[in-house]
Amino acid sequence: MSSVSVRNLVSGIGLLVAVTTTLVIPTGYFLTSYFNKAGITQYQADLGAAPISQYIYSHNALWQYQELRLAGLLAIVDRTGEPVRKRIIDSSGKTVLDEGPEVAAPTLTRNAPIVVSGATVGRVEISTSLQRLLIETALASILSGLLGCAAFFALRILPLRVLDRTLDNLAAANRMIEDRNRRLRRQNEKLKAKETELREQNRLFDAALNNMTQGLCMFDKCARLVVRNQRYLTMYGLSPDVVKRGCTLRELMQHRKGRGSFSGDPKQYSRDMLRALASGEPVTSVVEIGNGRVVALVSNPIPGGGWVATHEDITERREAEAKIHFMARHDILTSLPNRREFREEMETALASGESLAVMCLDLDRFKQINDTLGHPVGDRMLQAVAVRLKDCLRDGDIVSRIGGDEFAILQRNADQPNAATALATRVIEAMEQPFDIDGNHVNIGASIGIAIAPADGMDVNRLLMSGDLALYRAKAEEKGTFRFFEQAMDARMQARHRLELDLRKGIANQEFELYYQPIVKLDTQRISGFEALLRWHHPERGLVSPDEFIPLAEEVGLIVPLGEWVLREACLEAAKWPANLHVAVNLSPAQFRSRNIEQVVFSALANSRLLPQRLELEITETLLLADEKTTLATLHNLREFGVSIAMDDFGTGYSSLGYLRSFPFDKIKIDRSFVADLLTRKDSLAIVRAVTELGTSLGMSITAEGVETVPQLDWLKKEGCTEAQGYLFSPPRPASAVAEMISRIGPATLRVA
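Here is a short report on the structure shown in this document. (Residues numbered from 1 in each chain as written. Predicted model: local features only at pLDDT ≥ 70, side-chain atom pairs only at ≥ 80, totals over all residues. Heavy atoms only, no water.)

**As for the overall build of the chain**
So, step 1. The number of helices and strands found in the chain is 25 helices and 26 strands.
So, step 2. Relative to a compact globule of 753 residues, whose C-alpha radius of gyration would be 27 Å, the chain shows 71 Å and is clearly more extended.
So, step 3. For the chain, the spread of C-alpha atoms along the principal axes amounts to about 220 × 80 × 50 Å.
So, step 4. Sorting the 753 residues of the chain into buried and exposed places 42% on the buried side.
So, step 5. When contacts within the chain are restricted to residue pairs at least 6 apart in sequence, long-range pairs at least 24 apart make up 61% of them.
So, step 6. Summing over all exposed atoms, the chain offers an accessible surface of approximately 39,700 Å²; the carbon and sulfur share of this is 54%.
So, step 7. Here the chain contributes 89 positive and 92 negative side-chain charges, whose respective centroids are spaced 12 Å apart. (Helix = DSSP H or I, 4+ residues; strand = E, 2+ residues; numbered from the N terminus. Rg over C-alpha atoms; globule rule 2.2 N^0.38 Å. Buried < 20%, exposed > 50% of the residue type's maximum accessible area, 1.4 Å probe, protein only. Contact = heavy atoms within 4.5 Å. Areas by Shrake-Rupley, 256 points an atom, 1.4 Å probe, with all protein chains shown as cover. Lys, Arg positive; Asp, Glu negative; His and termini not counted. Charge placed at Lys NZ, Arg CZ, Asp CG, Glu CD.)

Structure follows, in structure tokens:
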């Protein structure tokens with residue numbers, strides 16, 4: 001209730017008391033006095049009527065006229081001391097007696113009947129004045145009014161002062177309480193915020209705890225469980241009803257033992273753990289639990305006693321590490337040991353001083369499998385080869401995949417070279433057996449180079465190099481065989497290495513020159529163009545045969561810069577010739593693998609201003625074996641530009657006819673091997689005839705290479721060849737002799753020849 005309401009209530013009570021005092025006292029006094037006076041007056045009337053009734057009963061006759069007697073009887077009324085007016089009135093209403101002083105108004109009148117023998121013969125009427133009563137009542141009203149005012153002031157002023165003082169005290173107390181309440185509210189809000197923060201932290205802690213990949217347990221200094229997460233229960237298959245707060249380490253380990261994840265003595269384990277933690281250092285261990293999984297346990301002491309233990313399941317990590325270790329030392333495709341593992345095995349065997357054989361093995365015709373059937377088939381082929389190789393070995397022997405289609409075998413503790421010979425023979429025979437790969441009937445072979453320790457060296461690198469040299473010799477002489485290392489092989493390899501160095505110097509020193517061999521059109525017997533052929537003028541060895549350095553240049557990648565130089569020089573030289581002559585340039589597969597052959601050709605033509613129609617590019621089917629789709633697209637682009645494309649050495653490969661269908665060559669060049677045997681072997685003649693007929697039907701020119709005699713020329717003309725080149729016309733000669741060859745070679749020359 002507010003102070004205003006209290007003040008209004010107190011004022012109302014004071015006013016009510018004042019009004020009540022002012023009204024009730026005079027009213028009560030008046031009513032009391034009035035009813036008392038009325039009672040007295042009635043009594044006076046009754047008192048006067050009684051003797052008069054007796055008198056009339058005795059003297060009934062003419063009683064109305066006995067005024068003195070009647071007045072005497074009524075004198076008894078005057079004994080009250082209150083002045084009254086007395087009247088006797090008969091039954092007819094006639095006043096019989098009227099005496100007494102006049103009574104001041106207002107008056108109070110009371111009647112009493114005069115009964116005689118049961119009959120009312122009149123009445124006595126007594127009147128008295130109420131004036132005095134009214135005055136007394138007025139005085140009482142004044143006094144009660146004063147008393148009411150006093151009561152009002154007493155009940156209002158004093159309580160209100162006390163109330164104000166009390167309210168002030170209450171207001172001060174209320175302000176103090178409110179201030180305290182505000183502080184309490186702020187503290188409460190802070191506590192609520194802190195509680196919310198703690199609740200959120202607990203939620204995050206619980207989420208982090210139960211989403212850990214590790215199992216976690218915290219123990220107090222009495223080895224009783226304080227905290228654990230769900231991962232710990234899941235890891236060991238434990239019951240949350242047992243592993244709960246307050247559970248001892250011994251009880252927990254007993255429960256684990258019952259669930260099969262611990263096989264030791266729980267009591268002894270607890271003692272050992274507490275003893276180990278007493279040093280203050282972390283306690284680590286790796287254990288294998290009952291289901292074969294491996295767990296790493298780390299227990300870290302905490303200040304004040306107790307420790308936190310983490311349990312990490314490292315099974316997958318161990319397996320991954322083992323897999324990584326295996327992959328680091330094994331070939332992913334075949335699962336055979338890789339080069340690193342093989343070398344370490346060799347080092348171990350050499351360190352033991354035992355005799356051993358190192359075999360370097362290379363698959364024959366494997367590249368054709370990849371190119372024709374695709375790399376997935378090639379991969380499964382390598383896997384099948386790995387299985388056969390392992391089947392050929394004894395226990396203790398090792399086979400490794402070195403890379404690509406190269407393998408190596410380490411044969412230990414055997415009678416050498418007999419054991420190596422027997423093993424190499426088994427391997428070659430196994431590789432010659434057909435393979436069935438995804439329904440494809442595949443035939444390959446293997447060539448092997450063998451080095452023996454200690455005869456051929458006691459160093460890993462030396463033995464592997466010796467094996468490679470023997471392998472190189474085996475592949476060069478006859479594929480599908482094996483060769484033992486010989487010192488002469490090393491000499492040849494050293495010579496090859498020197499040749500490679502000289503080749504690099506020769507490119508830098510511009511020791512190369514183009515020679516040109518004429519191509520004669522047989523119907524006109526005139527030169528139609530020249531084939532550009534590369535020659536190397538070695539400063540010490542003189543003129544080096546292309547058969548000696550071209551394969552080496554292709555092998556070491558130098559054919560690409562050499563080929564670009566040949567193309568530029570040939571175009572520049574051809575631009576000086578008559579417009580009806582073209583120049584033919586051989587392209588290597590390596591130049592196509594460089595992916596910029598189109599730009600090289602366009603650049604050479606632009607720099608020399610030679611028309612594209614005067615350039616003829618010669619390729620072999622070996623080029624089409626690798627990435628046929630891309631190569632064909634490049635050839636189409638060059639042909640659309642105007643450059644002529646010729647198939648060189650036709651008939652010496654495996655798929656020549658198929659390539660004639662896949663690309664519209666402008667020319668077919670018959671290999672010199674068929675021309676050389678043209679007059680002595682029927683099969684060569686048949687092949688030449690078939691090629692010329694095929695070329696004619698396809699609208700392609702036919703050029704025969706290696707023509708050296710007139711009879712060969714006559715046969716070629718007869719079979720329909722359109723062009724020929726060879727020593728019959730001229731050997732390859734320098735660019736300075738081109739003009740002389742143009743003027744010299746003609747119908748007359750050919751008739752003389």
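The discussion continues.
**Here we look at the sheet that holds strand 10 (residues 356-364)**
So, step 1. The 5 strands lie next to each other as 11-12-10-15-16, forming an open sheet whose pairing is mixed. Edge positions in the open sheet fall to strand 11 (398-403) and strand 16 (482-484), since each of these has one partner strand only. The average undirected angle you get between the axes of adjacent strands in this sheet is 20 degrees.
So, step 2. Judged from the 9 bridges that link them, strand 10 and strand 15 (residues 445-453) form a sheet pairing that is antiparallel. (Pairing = 2+ DSSP bridges. Axes fitted to C-alpha atoms, helices over the stretch in contact; angles between N-to-C directions.)

**Section: the packing of helix 9 (residues 366-373) against helix 10 (residues 375-392)**
So, step 1. Where helix 9 meets helix 10, the closest approach of the two axes is 7 Å, and the angle between their N-to-C directions is 145 degrees. Here Phe366, Ile369, Asn370 and Leu373 of helix 9 lie close against helix 10, whose contacting residues are His375, Val377, Gly378, Met381 and Leu382.
So, step 2. Each residue belonging to the contact of helix 9 with helix 10 can be placed in one class, and the counts come to 6 nonpolar, 3 polar and no charged. (Nonpolar A, V, L, I, M, F, W, Y, C, P; charged D, E, K, R; others polar.)

**Some thoughts on empty space enclosed by the protein**
So, step 1. The final tally for this structure, using the stated rule, is 1 cavity of 30 Å³ or more.
So, step 2. The wall of the largest cavity is formed by 14 residues, among which Phe219, Leu249, Tyr269, Ala309 and His311 lie closest to the centre.
So, step 3. Those elements that place two or more of their residues in the lining of the largest cavity are strand 5 (215-219), helix 5 (249-259), helix 6 (266-277), strand 8 (294-301) and strand 9 (307-313).
So, step 4. For the lining of the largest cavity, the element with the most residues is helix 5, which contributes 4 residues.
So, step 5. Across the lining of the largest cavity, the residue classes break down as 11 nonpolar, 2 polar and 1 charged. (1 Å grid on protein atoms, 1.4 Å probe; cavity = no way out; pocket = protein on both sides within 12 Å on 5 of 7 lines; lining within 4 Å. Points joined across faces, edges and corners; volume = space filled by probe spheres on them.)

**Focus: the packing of aromatic side chains**
So, step 1. As enumerated under the stated definition, the model contains 12 aromatic pairs in all.
So, step 2. Relative to Tyr236, the ring of Tyr232 has its centre 5.2 Å away and its plane inclined at 65 degrees; by these criteria the two rings are edge-to-face. Pair noted here: Tyr232 and Tyr236 are both in helix 4 (residues 230-236), with a separation of 4 residues, about one helical turn.
So, step 3. The class of Tyr232 is buried, set by a relative accessible area of 1%. (Phe/Tyr/Trp six-rings, centres within 6.5 Å; stacked < 30°, edge-to-face > 60°.)

**Quick look at the layout of surface pockets**
So, step 1. In this model, the second largest pocket occupies a volume close to 970 Å³.
So, step 2. In terms of lining residues, the second largest pocket is bounded by 35 residues, among which Glu531, Leu533, Pro546, Ile550 and Asn586 are the most central.
So, step 3. Looking at the lining of the second largest pocket, the elements with two or more residues in it are strand 18 (526-538), helix 14 (546-556), helix 15 (559-574), strand 20 (582-586), helix 16 (589-593), strand 21 (615-619) and strand 22 (644-650).
So, step 4. Across the lining of the second largest pocket, the residue classes tally to 15 nonpolar, 10 polar and 10 charged.

**Remarks on the pairing of strand 8**
So, step 1. Across 6 bridges, the pairing between strand 7 (residues 283-288) and strand 8 is antiparallel. Of the residues in strand 8, the one forming a bridge with Val287 is Val295.
So, step 2. Here strand 8 runs beside strand 9; their pairing, made up of 7 bridges, is antiparallel. If you follow Val295 over to strand 9, its bridge partner there is Asp313.

**Focus on the environment of Gln411**
So, step 1. Tracing the sequence through the fold places Gln411 in strand 12 (residues 406-412).
So, step 2. The buried category is assigned to Gln411, whose relative accessible area is 2%.
So, step 3. Among residues more than four places away in sequence, those in contact with Gln411 are Ser355, Leu356, Ala357, Met359, Arg394, Asp397, Gln416, Ala419, Ala420 and Leu423.
So, step 4. A distance of 3.0 Å separates the side chain of Gln411 from the side chain of Gln416, its partner in a polar contact. (Polar contact = N/O pair within 3.5 Å; in protein donor to acceptor, adjacent residues only side chain to side chain.)

**A look at the nonpolar core**
So, step 1. Ranked by internal contacts, the top residues of the largest apolar core, which has 73 residues, are Val583, Leu615 and Leu617.
So, step 2. For this core, the element with the highest residue contribution is helix 15, accounting for 8 residues.
So, step 3. Other than its neighbours up to four places away in sequence, Leu617 contacts Leu567, Val585, Leu587, Val601, Leu638, Val643, Ser644, Ile645 and Ala646.
So, step 4. Core analysis: the second largest hydrophobic core is formed by 34 residues, Leu361, Phe366, Ala424 and Ala446 among them. (Core = buried A, V, L, I, M, F, W, Y, C linked by side-chain atoms within 4.5 Å.)

**Some points on unusual backbone geometry**
Excluding glycine, most residues fall at negative phi; most peptide bonds, likewise, are trans.
So, step 1. Note that the residue after Gln416, namely Pro417, is joined by a cis bond; omega there is 5 degrees.
So, step 2. In this structure, the amide linkage connecting Ala453 to the following residue, Pro454, adopts the cis form with an omega of 10 degrees.
So, step 3. The topology assignment puts Pro454 in the loop between strand 15 and helix 12 (460-477).
So, step 4. In the Ramachandran plot, Ala223 falls in the positive-phi region, its phi being about 60 degrees despite a non-glycine side chain.
So, step 5. Mapped onto the elements, Ala223 comes out in the loop between strand 5 and strand 6 (225-228).
So, step 6. On the basis of relative accessible area, Ala223 is assigned to the buried category, the value being 8%.
So, step 7. The phi dihedral of Gln525 is positive, around 55 degrees, even though this residue is not glycine.
So, step 8. Among the structural elements, Gln525 can be located in the loop between strand 17 (512-521) and strand 18.
So, step 9. According to the relative accessible area criterion, Gln525 is buried, its value standing at 18%.

**A short note on the pairing of strand 21**
So, step 1. Burial analysis of strand 21 places 5 of its 5 residues in the buried class, which makes it a mostly covered element.
So, step 2. Along strand 21, one buried face is formed by Leu615, Leu617 and Ile619 and the opposite face, lined by Glu616 and Glu618, is buried too.
So, step 3. Pairing of strand 20 with strand 21, which is carried by 4 bridges, proceeds in the parallel orientation. In the strand pairing of strand 21, Asn586 is matched with Glu618.
So, step 4. Two strands pair when backbone bridges link them, and strand 21 and strand 22 are joined in this way by 4 bridges, in the parallel orientation. If you follow Glu616 over to strand 22, its bridge partner there is Ser644.

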